[in-house]
Amino acid sequence: MNIIIFGPPGSGKGTQARLLADRYGIPHISPGAMFRAAMKSKTKIGLQIKDFMDKGNYVPDDITIAMVKKRLEDVDCAEGFMIDGFPRNLPQAEALDEFAHIDFVIVLKVSDKEVINRLSKRRQCPKCDKITSTEEGEKCRDCKVKLVQRDDDKPQVIKNRLLVYHDLTQPLIEYYKNKDIVRMINGEQSEENVFKDILLGLGDTE
Ligand code: AMP
């Protein structure tokens with residue numbers, strides 16, 4: 001099964017994508033995570049994209065499309081894949097149509113108010129990259145190191161990421177709606193209930 005998930009920043013798409021990838025035994029492909037890893041290890045791409053990422057803007061399409069296309073050619077994607085955060089604009093969606101078939105598009109709906117509330121509390125472990133919340137303490141439970149706030153989760157950047165999402169990514173819902181593969185999910189529920197609704201939307205009732 002080839003699945004795409006999208007939703008505003010902080011909608012929980014990373015968490016749900018991981019759960020779905022585990023359930024179906026398919027790879028979880030997150031361009032955002034791939035870009036962060038490239039920045040961390042200061043690769044050529046990492047240096048090229050830093051400014052876009054820090055400001056909450058999208059990385060240029062040529063870089064993003066080439067990276068995802070190459071990843072989808074890996075053997076582990078042959079039986080299906082779960083893409084989290086791609087495509088994010090029309091040129092990316094059109095490019096994806098050229099090299100992959102998509103079975104389902106899951107859209108997590110979360111209001112701007114809730115996004116701002118969630119992201120201002122979101123923290124990440126600098127060692128294992130696990131995402132958590134300020135409500136769970138100041139240190140990573142596994143690595144025992146102090147959690148940090150991602151630069152792109154700072155208030156000004158969050159506002160820009162939301163603007164970019166509404167401007168460029170939300171119109172994609174219409175693009176896919178015409179193909180009748182979109183599943184709109186209420187993302188303002190517990191992780192478990194969001195997951196249950198997604199499975200129902202996919203017709204997975206086992
Ligand atoms: P995410 O972790 O999915 O929220 O992505 C974090 C950041 O990575 C985004 O704010 C963008 O700067 C960049 N990014 C991730 N996916 C894409 C994409 N499909 N197109 C362009 N930039 C992206």
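This text follows the structure it describes.
As the structure is a prediction and not an experimental result, all values here were calculated from the model.

Attention now goes to the site of the ligand. The ligand sits among 17 residues. The nearest are Arg36, Asn57, Gly85, Arg88 and Gln92. Asn57 places a polar main-chain atom, nitrogen or oxygen, 2.7 Å from an oxygen atom of the ligand. A total of 480 Å² of accessible area belongs to the ligand in isolation, and the protein chains cover 97% of it. Top element by residues in the shell around the ligand is helix H2 (residues 31-40). It accounts for four residues.

Read across the open sheet, the five strands follow the order E2-E3-E1-E4-E7; overall the sheet is parallel. Of all the strands in the sheet, just strand E2 (28-29) and strand E7 (182-186) have a single pairing partner and so form its edges. Two elements, strand E1 (residues 2-6) and strand E3 (residues 81-84), share four bridges in a ladder whose sense is parallel. Looking at E3, one finds that Ile4 is bridged to Ile83.

Counted by the stated rule, this structure contains 17 salt bridges. Taking the shortest distance from any N to any O, the salt bridge between Lys154 and Asp151 comes out at 3.1 Å. Given a relative accessible area of 35%, Lys154 falls into the partly exposed group. Overall, Asp151 belongs to the partly exposed group, its relative accessible area being 43%.

The rules behind these values
- Residues numbered from 1 in each chain as written.
- Predicted model: local features only at pLDDT ≥ 70, side-chain atom pairs only at ≥ 80, totals over all residues.
- Heavy atoms only, no water.
- Near = heavy atom within 4 Å.
- Polar contact = N/O pair within 3.5 Å; in protein donor to acceptor, adjacent residues only side chain to side chain.
- Areas by Shrake-Rupley, 256 points an atom, 1.4 Å probe, with all protein chains shown as cover.
- Helix = DSSP H or I, 4+ residues; strand = E, 2+ residues; numbered from the N terminus.
- Pairing = 2+ DSSP bridges.
- Salt bridge = Lys/Arg side-chain N within 4 Å of Asp/Glu carboxyl O.
- Buried < 20%, exposed > 50% of the residue type's maximum accessible area, 1.4 Å probe, protein only.

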